[in-house]
Amino acid sequence: LQGYILEIRKARDEDTVVTVLNSDALQTLYRFYGARHATVSIGYKIDYEAKESGRSTLKQLKNVIHLSNAWYYDPEKFYHWQHFLKLLFKHLRDVEEIDRFYYRLLEKAETLLDRQNPARVLVESYIALLKHEGRLHDEFICFVCDRPVEENLTLGRALLPAHKHCIYSNVFEMEKIEQLYASGSTLFLEDHEVESLWHIITQGF
Ligand SMILES: [Zn+2]
């Protein structure tokens, strides 16, 4: 199996409980401590086996091989990536059936991160996620007062449109956000605008 590590929790002694997103499921696995085991971190892509274990109710994470990317060693990229995967874990942890979409989304982002700015890649990934889940509000109706937003557009959590006077947040150029929501691309946005969007996304999916 191959998957992305979305969470690592401490268990007994030096053992850990590791949650991996593979193409079909979110798997929670027990990892017994072993001095010669490869170290794992949130964000790593791994090849692994999930085996029944007499020692634990969870299946056991075994035979881990790193499928590293060169950009894992770029601290800024890896920090953004880990942050995104932690948010994704919170978003998916109670979902019974995981759509293959999420694994593919990470695969695509991982490829793009090799040569693009991390905030741009992950803002675009998040827009794709909202679109997929039918939660992208591209008609600008304020989520606070329920009236159309005609100027001074701001965005709340999950990039929900709002009036500036309703949530007192950063104003975005309406046309640019329209383009972003229609195309899924940040091409028209300045770096500082992308950073503002990323900041909103980090409040939670
Ligand atoms: Zn409003």
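Use the structure listed above.
Here the structure is a predicted model, which means the values were calculated and not measured.

A tally of helices and strands in the protein yields six helices and seven strands. Its helices and strands taken in sequence order, the protein reads β-β-β-β-β-α-α-α-β-β-α-α-α from the N to the C terminus. The C-alpha extent of the protein, read off along each of the three principal axes, is 60 × 35 × 25 Å. Counting only residues that meet the buried cut, the protein has 47% of its 205 residues in that class.

Each donor-metal-donor angle in an ideal tetrahedron of four donors is 109.5 degrees, and each such angle in an ideal octahedron of six donors is either 90 or 180 degrees. At 2.1 to 2.4 Å from the zinc ion lie its protein donor atoms, namely C142 (SG), C145 (SG), H163 (ND1) and C166 (SG). For the zinc ion, the four donor atoms in the first shell make angles of 95 to 118° at the metal, a pattern classed as tetrahedral. Read from N- to C-terminus, the donor residues coordinating the zinc ion fall into the pattern C-x2-C-x17-H-x2-C. Its relative accessible area of 0% is what places C142 among the buried residues.

To continue, consider helix α6 (residues 191-201). Among the residues making up α6, those that are buried are E193, V194, S196, L197, W198, I200 and I201. If you follow the buried residues of α6, they end up packed against α1 (75-92), α3 (118-132), β6 (153-155) and α5 (174-183).

So, about the nonpolar core. Among the nonpolar cores identified, the biggest contains 60 residues, and W81 and L159 are the most heavily contacted of them. The residues touching L159, leaving out its near neighbours within four places in the chain, are Y126, I127, L130, Y181, L197, I200 and I201.

Let us now look at the packing of aromatic side chains. According to the stated counting rule, one finds twelve aromatic pairs in the structure shown. Cluster of aromatic residues (ring-pair linked, three or more members): Y4, Y44, W71, Y72, F78, W81 and Y103.

Another point: a positive patch on the surface. Together, K86, K90, R93 and R157 make up a region of like positive charge exposed at the surface. Counting through the fold element by element, R93 comes out in the loop between α1 and α2 (101-113). The exposure class of R93 is partly exposed, given its relative accessible area of 47%.

On to the environment of L155. Relative to the helices and strands, L155 resides in strand β6. Look at L155 and you get buried, because its relative accessible area is 1%. C-alpha separation for the pair L155 and I5, spaced 150 residues apart in sequence, amounts to 30 Å. Setting aside residues up to four positions removed in sequence, L155 forms contacts with L160, P161, I167, S169, N170, F172, I177, Y181, L197 and I200.

Attention now goes to the environment of H37. In this fold, H37 is placed in the loop between β3 (26-31) and β4 (45-51). If we skip the residues at most four places from it in the chain, H37 touches R31 and F32. Polar contacts involving the side chain of H37 include one to the main-chain carbonyl oxygen of F32, which spans 3.2 Å.

This paragraph deals with unusual backbone geometry. Residues other than glycine seldom take positive phi values, yet N152 does so here, at roughly 50°. Mapped onto the fold, N152 is located in the loop between α3 and β6. Looking at N152, the relative accessible area reads 41%, which means it is partly exposed. A positive phi angle is found at Y168, which is not glycine, with a value near 50°. Inspection of the secondary structure puts Y168 in the loop between α4 (164-167) and α5. Judged by its relative accessible area of 69%, Y168 falls in the exposed class.

Calculation notes
Residues numbered from 1 in each chain as written. Predicted model: local features only at pLDDT ≥ 70, side-chain atom pairs only at ≥ 80, totals over all residues. Heavy atoms only, no water. Helix = DSSP H or I, 4+ residues; strand = E, 2+ residues; numbered from the N terminus. Buried < 20%, exposed > 50% of the residue type's maximum accessible area, 1.4 Å probe, protein only. Donors = N, O, S within 2.8 Å, 3.2 Å for Na, K, Ca; no water. Tetrahedral: all angles 85-135°; square planar, octahedral: opposite > 155°, others 65-115°. Contact = heavy atoms within 4.5 Å. Core = buried A, V, L, I, M, F, W, Y, C linked by side-chain atoms within 4.5 Å. Phe/Tyr/Trp six-rings, centres within 6.5 Å; stacked < 30°, edge-to-face > 60°. Patch = residues over 30% accessible without salt bridge, like charges linked within 9 Å, V, L, I, M, F, W, Y side chains within 5 Å. Areas by Shrake-Rupley, 256 points an atom, 1.4 Å probe, with all protein chains shown as cover. Salt bridge = Lys/Arg side-chain N within 4 Å of Asp/Glu carboxyl O. Lys, Arg positive; Asp, Glu negative; His and termini not counted. Charge placed at Lys NZ, Arg CZ, Asp CG, Glu CD. Polar contact = N/O pair within 3.5 Å; in protein donor to acceptor, adjacent residues only side chain to side chain.

Note that every value here comes from positions in space, so none of it alone points to a role or purpose.
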